[in-house]
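Take a look at the letters that make up each chain.
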There are 4 protein chains.
Amino acid sequence: MEKKERKPVYYSEYLQLDKILNAQEPESNKEGIRADDEMLFIIIHQAYELWFKQILHELEVVRGIFKQPNIHNNTPDIYNTVHRLERVSRILEVAVGQMAVLETMTPLDFLDFRDLLRPASGFQSIQFKMIEATLGLAFEQRHAKNYYLTQLNEADVALVKKAESEESLLVLINRWLERMPFIKDPSYWHEAEGANFWATYRKAYEESLQDAERSNLETFDLLFMNDGSYPAERRFSPDANRNALFIMLYRDYPMLHLPYELLDTLLEIDELLSMWRHRHIHMVQRTIGKRVGTGGSSGADYLRAAADSHYIFKELAELTSFLLPRHLLPKLPDTLIKSLGYH
Amino acid sequence: MEKKERKPVYYSEYLQLDKILNAQEPESNKEGIRADDEMLFIIIHQAYELWFKQILHELEVVRGIFKQPNIHNNTPDIYNTVHRLERVSRILEVAVGQMAVLETMTPLDFLDFRDLLRPASGFQSIQFKMIEATLGLAFEQRHAKNYYLTQLNEADVALVKKAESEESLLVLINRWLERMPFIKDPSYWHEAEGANFWATYRKAYEESLQDAERSNLETFDLLFMNDGSYPAERRFSPDANRNALFIMLYRDYPMLHLPYELLDTLLEIDELLSMWRHRHIHMVQRTIGKRVGTGGSSGADYLRAAADSHYIFKELAELTSFLLPRHLLPKLPDTLIKSLGYH
Amino acid sequence: MEKKERKPVYYSEYLQLDKILNAQEPESNKEGIRADDEMLFIIIHQAYELWFKQILHELEVVRGIFKQPNIHNNTPDIYNTVHRLERVSRILEVAVGQMAVLETMTPLDFLDFRDLLRPASGFQSIQFKMIEATLGLAFEQRHAKNYYLTQLNEADVALVKKAESEESLLVLINRWLERMPFIKDPSYWHEAEGANFWATYRKAYEESLQDAERSNLETFDLLFMNDGSYPAERRFSPDANRNALFIMLYRDYPMLHLPYELLDTLLEIDELLSMWRHRHIHMVQRTIGKRVGTGGSSGADYLRAAADSHYIFKELAELTSFLLPRHLLPKLPDTLIKSLGYH
Amino acid sequence: MEKKERKPVYYSEYLQLDKILNAQEPESNKEGIRADDEMLFIIIHQAYELWFKQILHELEVVRGIFKQPNIHNNTPDIYNTVHRLERVSRILEVAVGQMAVLETMTPLDFLDFRDLLRPASGFQSIQFKMIEATLGLAFEQRHAKNYYLTQLNEADVALVKKAESEESLLVLINRWLERMPFIKDPSYWHEAEGANFWATYRKAYEESLQDAERSNLETFDLLFMNDGSYPAERRFSPDANRNALFIMLYRDYPMLHLPYELLDTLLEIDELLSMWRHRHIHMVQRTIGKRVGTGGSSGADYLRAAADSHYIFKELAELTSFLLPRHLLPKLPDTLIKSLGYH
């Protein structure tokens, strides 16, 4: 770092404020209509897009880490991914909170310029769709799929398709979970406490069920005891399920602290995306009611459907149903405990 | 105020901290089980109940104001109601934010004492049900009605029944809207711009509709042009609808500033209650998954159904669909404009 | 609005995302150094600058309103200014909350690229200085004045100077307060309750003082009873002080509702700017400690001094010391009461 | 856990709502004065006290862990302390946010009942003082010490004294840092990279200093190179300083992840306490201005002094000044690296 020879950096140049602050041209100005709130409408969407870019940046770093064939425990890799995904959470919290600013725009003030925006629509935010795809939303899961193919221009469809074609974080996490050694240790898998760990766990789980919960056992078998047919639409494999549940159950052992935080943060991101959609729905309803959105969509309905179906790590979230209290957990064999700890 | 003769007030006595801070007896302590998080579970619910009491207090003051046969414009009455309902919003924001503290309790930590709480359940919060009823939720609208009759003890059912039997804020607001003089002024109602105001407005509205929105016109007629049969389940009358829409359209005139803020704040309260339920749902899902709730309910399902059906001022929210941009609004007659202003 | 003939609007073009999303060039990239967090550093500052632009936009609209020679009560002008200043508050809340994202950048991660940024500094944010100047911060009040003349380039100094040379919101508000008719009504000024209003009020105020507060009376006389010499550094005149206090005391009368909200919102903006500085100070301390800032300033010290001395509406805030409880307020004459109400 | 035989738990009994919801007796009611906002004043303070109890509960658990003569790396102890201290942060965020509710009480509304509360004061919150003492605030550091001895009743003084007499978290953390083995490993202490680690580090640090930062070196020597006289008022010893800085520098190694999070969370708690005080100051200023507080204190002045002097982990925060960028850090010997990793 040759400090002396570098050109001095100036704040506004470093941030390229000539671009950033000259990118607001209200349509109402062009039409000679006074609509003081259009500036807000433009700027808040630009602020969202900046944050979306940052989220994509963080997800790229995280994916880069998980793409490695192996993640050694003694590197800061997992620590780094947890840190970055927690940052994504903090950004999404800002995104949710920011909605309060848009809510200061009343319906009547929006109507002053709304017609001028047609057929543009927030639905056309490519970066948001790329975030969903990068996290793991598959094209098949998308609500209003066809619509999305007709609404976006070709270049934008290509960008989303490209994001969908790459290995998503979900796929990489599934593979990382599958690679975990714990369930492969025979002394653990077959003989924990003198018996097969999962058989023991299944028994304890069965005993813990209330009458109204009996059907959970069937799902238990599907997810964890499975060595036969497995539903194609499931995105986490039985191996991954077992290791994920194992992490949730034994997160008190040092080596599982961070993997647990990682899984927890993924669920938090899903929750925040959902909160963002719900807050967005309310804002749309309060602003345009049952009017058709500027892009021609049925306004809030699209968002509501997405809020219900665009959960990405849903299968991980469902594992919570299969936890047992600590005092009912099978004790792990000493060799395994040792390998979960520090030197 | 005879300052000299009053007994000096002491902080902890004034706040009755002997009661407040000695009201936490974890069930796990009684059982000799270590469950450090039960204290949090108790305290956060007590904090919620304190805030619910405060919300009920504010709603009582607001109802007291609206119960008057007449509200004179030159009293601070409406100003006061807006102020208090905005405070309710601030409290609900705290209630939503507070969920972040409960989310620090992991599923496994909850399992340490969860079974000890059966069959208690947050569903048994009487104050929350009283808030819903006081705002205007009718017994018929409640999700899981029967359940609620079996789950609560008799005294508590009586309390909710009592709240449901009183005139709710919704009923009082409907009546207040109906009393508004604007639509009764003949020069306005019949002859604004040389024609009946609503006929003029309807025409402009019709012209503004996109093809996909044609069916809105039918609802328009039902809500605003109605002098015949009217659906029994609708809780705001045509008179109230007309005045509410009028307020939303002409809120720029001084006398309508505060009525507009009032309606807007009611919608904000609905939104915050909905956010609270959604955040609550996520928290429950993350904590117990598809397990049956401690009270025997299907956990998150109850909350989800309530989040969808317990909108109280829904009919007011829907009026947004019938707004027109300012430049299309019928001009008001001068006499009416004058009566909407200051001396 | 000729909807049919307008060119269709496309989201990314409308928002000029080609500019917004291509304005991030980390210095570390140029040097071939890996510093994953520099992107965050750039983007969060750009998001701040977008919000600063929006704040300046709102303040321009508000100033435009107050620049009118007269503001008629029956226009939506004051309502509009309150609405826009409350939006500025919401934006500042986002600005404060956003700091939580920057706090995810650890000191060590910042050190990876910090040296590359010299001598750039957040101190060089022209828009932030323009906000301060537009609100009413005078050049003389600025902490580190000389520093600011040497640190910025000429064009930027000119921009701040220009903002400082225009009539600030503070100046306009002072004039608006001075124009208020209340204290000019002879029946009120001289004969409220059979005596001069201010003499009556002063007497009641004096009686309300605790021993330790006696010196408040001197300030009372300076601010409200003044018809002689008045400190040059005071920016609100005695006429403005009297009317501002009057608004605070009698805000329950309809015509004073919005003026009260206006004054309250100005204080809230000051508070939020202060919170922003304090949060910023902590962030700087946590990140660089007692190191010299990239711009050469003594890091957190500048911010701390600004946080203490850059209060803009401080004189309005101080008026709170001179309130009396409602039951001790002089009753207003009926003619005045009438003129504070609706038709 | 004999589920069958336990008495069924009922929500309102479990939470002892008969106590919680019957602990509000406004003084204004007793005097027959209408002051609708006193209920808010009582309830928000009770909510604060509930949260303070929870914070004390968490700090007790954390202190219990650190009181152990030794903390083995393979227990969940440190993980648990980080988790609990992060919860304290979340609670303090709620406490800060909650201030927004109190700010809805206008000065005039407070004046309706303020005189009735004398001489009670928030200063008398024993639990808050116990939190400060438990974290590590020494009696000597307290602002307005004498005042506090006269203002509280005897039982309350005894409670604070007791808290001050116990080993605070700060003392325990200092001892935990001193116990760390790293700086005792001779190959590390004397011979990292062929030389004494601290001599090497000092040299690199010296080279990194800007001219204006030269005096930092003196402090460096005092804190880290010290084997002679050491200022009595410093609460972290040179051994503790060295290990704390070491943790901050090498937090990328697995065994230091959690210790780093722990130190970071302590600084966050200090920051949030400071934010709480600042927000509190503003609220007090907005409400009573320069009036004397109900307890006789100079209102906001006490809080401001406390905000400046009651930083508890200040010495840890200052260590940031002595960090170096990763690329300048001395490489650790392999044996040490190995002992910082997993099996």
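Participant: Could you clarify how one ought to interpret the overall build of chain A in this entry?
Facilitator: Per the secondary structure count, chain A includes 18 helices and zero strands. For chain A, the spread of C-alpha atoms along the three principal axes comes to 80 × 65 × 35 Å. The burial tally for chain A puts 63% of its 343 residues in the buried class. Summarising the internal contacts of chain A: among those between residues at least 6 apart in sequence, 74% fall at separations of at least 24. Accessible surface, chain A: about 13000 Å² in total, of which carbon and sulfur atoms supply 53%.

Participant: Mind showing me how you'd approach helix α7 (residues 126–135) of chain D here?
Facilitator: What sets the pattern is the α-helix's 3.6 residues per turn: residues three or four places apart point alike. Most of α7(D) is tucked away: ten of the ten residues are buried. Taken residue by residue, α7(D) has D:Ile126, D:Gln127, D:Phe128, D:Lys129, D:Met130, D:Ile131, D:Glu132, D:Ala133, D:Thr134 and D:Leu135 as its buried positions.

Participant: Would you mind showing me how to read the relation of the copies chain C and chain A here?
Facilitator: Mapping between the two chain copies consists of a rotation about an axis together with a translation along that axis. Superposing chain C onto chain A requires a rotation of 180 degrees together with a translation of 0.0 Å along the rotation axis, leaving an RMSD of 0.0 Å. On this basis, the relationship between the two copies can be described by a two-fold rotation axis. Comparing interface residues between copies, 100% of those in chain C also lie at the interface in chain A; the contact surface is shared.

Participant: Which parts of the structure should I look at to understand the environment of A:Leu149?
Facilitator: Assignment of secondary structure puts A:Leu149 in helix α8 (residues 145–151). Those residues in contact with A:Leu149 that sit more than four places away from it in its chain are A:Phe139, A:Val157 and A:Lys161.

Participant: What am I meant to see in the packing of α7(D) against helix α9 (residues 154–165) of chain D here?
Facilitator: Helix-helix packing: each pair is described by the crossing angle between the helix axes and the interaxial distance. Residue and element names in this part refer to chain D. The interhelical angle for the contact between α7 and α9, taken along N-to-C directions, is 15 degrees, at an axis separation of 8 Å. Taken as axis vectors, α7 and α9 run roughly parallel relative to one another. Pair α7 / α9 crosses with right-handed handedness. Along the contact surface, α7 presents Ile126, Lys129, Met130 and Ala133, while α9 presents Asp156, Leu159, Val160, Ala163 and Glu164. Of the residues assigned to the contact of α7 with α9, the class counts are six nonpolar, no polar and three charged.

Participant: Hey, could you run me through the pattern of salt bridges in this one?
Facilitator: Two side chains bearing opposite charge may form a pair once their charged atoms approach each other closely. Under the counting rule described, the total for this entry stands at 150 salt bridges over all chains. When the shortest N-O distance is used, the salt bridge between A:Arg87 and C:Asp37 registers 2.9 Å. In this pair, A:Arg87 sits in helix α5 (residues 77–102) while C:Asp37 sits in the loop between α3 (27–30) and α4 (38–66), so the two residues belong to two different chains. Each member of the pair, A:Arg87 together with C:Asp37, is buried. Here D:Glu31 and B:Arg6 are joined by a salt bridge, their closest N and O atoms 2.6 Å apart. With one member in each of two chains, D:Glu31 in helix α3 (residues 27–31) and B:Arg6 in the segment before α1 (11–14) form a pair that bridges those chains. Assessed through its relative accessible area of 34%, D:Glu31 is described here as partly exposed.

Participant: Mind showing me how you'd approach the relation of the copies chain B and chain D here?
Facilitator: Under the fitted operation, chain B is carried onto chain D by 0.0 Å of movement along the axis and a turn of 180 degrees, and the coordinates agree to an RMSD of 0.0 Å. Most of the interface of chain B is mirrored in chain D, where 100% of its interface residues are also at the interface.

Participant: Just checking my understanding: could you explain the interface of chain B and chain D for this structure?
Facilitator: When the parts of a complex come together, some accessible area is lost, and that lost area is often taken as the interface size. Taken together, the contacts link 72 residues of chain B with 72 residues of chain D. It is B:Tyr10, B:Tyr11 and B:Tyr14 in chain B that bury the most area against chain D; as a group they hold 12% of the surface buried on that side. The closest approach of N and O atoms between B:Asp37 and D:Arg84, which form a salt bridge, is 3.1 Å. It is helix α4 (residues 38–66) of chain B that provides the largest number of residues to the side of chain B that touches chain D, a total of 17 residues. Taken together, the residues that form the side of chain B that touches chain D break down as 32 nonpolar, 20 polar and 20 charged.

Participant: Quick question: what am I supposed to make of the packing of aromatic side chains here?
Facilitator: We describe a pair of aromatic rings using the distance from one ring centre to the other and the angle between the two ring planes. Applying the stated criterion across every chain yields a total of 92 aromatic pairs over all chains. On the numbers, 6.1 Å between centres and 15 degrees between planes, the contact of C:Tyr201 with C:Phe220 is stacked. Pair noted here: C:Tyr201 is in helix α12 (residues 197–208) and C:Phe220 is in helix α13 (residues 216–224), with a separation of 19 residues, a long-range link. Summarising the burial analysis for this pair, C:Tyr201 and C:Phe220 share the class buried. Taken together through their ring pairs, the aromatic side chains of A:Phe197, A:Trp198, A:Tyr201, A:Tyr205, A:Phe220, A:Phe224, A:Phe246, A:Tyr250, A:Tyr253 and A:Phe322 make up a single cluster. Sitting above the plane of the A:Phe139 ring, A:Lys161 keeps its charged end 3.7 Å from the centroid.

Participant: Just checking my understanding: could you explain the interface of chain C and chain A for this structure?
Facilitator: Listed by partner, the interface residues are 72 residues for chain C and 72 residues for chain A. Between chain C and chain A, roughly 6600 Å² of surface is buried when both sides are summed, and carbon and sulfur atoms account for 62% of that area. A per-residue breakdown of the area chain C buries against chain A is headed by C:Tyr10, C:Tyr11 and C:Tyr14, which together make up 12% of the total. On the surface where chain C and chain A come into contact, there are ten salt bridges. Joining chain C to chain A, the criterion identifies 42 residue pairs in polar contact (both at pLDDT 80 or more). Sorting the residues of the side of chain C that touches chain A by element identifies α1 (11–14), α2 (17–20), α4 and α5 (77–102) of chain C as the ones contributing at least two each.

Participant: Mind showing me how you'd approach the packing of helix α10 (residues 169–179) of chain C against helix α15 (residues 254–288) of chain C here?
Facilitator: All names here are of chain C. As a packed pair, α10 and α15 sit with axes 13 Å apart at the nearest point and diverge in direction by 150 degrees. With respect to their mutual orientation, α10 and α15 come out roughly antiparallel. As α10 runs across α15, the sense of the crossing is left-handed. Residues Leu169, Ile173 and Trp176 of α10 pack against Pro259, Leu262 and Leu266 of α15.

How each quantity is defined
Residues numbered from 1 in each chain as written. Chains lettered and ligands numbered in written order. Predicted model: local features only at pLDDT ≥ 70, side-chain atom pairs only at ≥ 80, totals over all residues. Heavy atoms only, no water. Helix = DSSP H or I, 4+ residues; strand = E, 2+ residues; numbered from the N terminus. Buried < 20%, exposed > 50% of the residue type's maximum accessible area, 1.4 Å probe, protein only. Contact = heavy atoms within 4.5 Å. Areas by Shrake-Rupley, 256 points an atom, 1.4 Å probe, with all protein chains shown as cover. Least-squares fit on C-alpha atoms with pLDDT ≥ 70 in both. Axes fitted to C-alpha atoms, helices over the stretch in contact; angles between N-to-C directions. Parallel < 35°, antiparallel > 145°, perpendicular 65-115°, else oblique. Left-handed = near helix turned anticlockwise from the far one by under 90°. Nonpolar A, V, L, I, M, F, W, Y, C, P; charged D, E, K, R; others polar. Salt bridge = Lys/Arg side-chain N within 4 Å of Asp/Glu carboxyl O. Buried area = accessible area lost by both parts, 1.4 Å probe. Phe/Tyr/Trp six-rings, centres within 6.5 Å; stacked < 30°, edge-to-face > 60°. Lys NZ or Arg CZ within 6 Å of the ring centre and 35° of its normal. Polar contact = N/O pair within 3.5 Å; in protein donor to acceptor, adjacent residues only side chain to side chain.

Read these as geometric descriptors, not functional statements.
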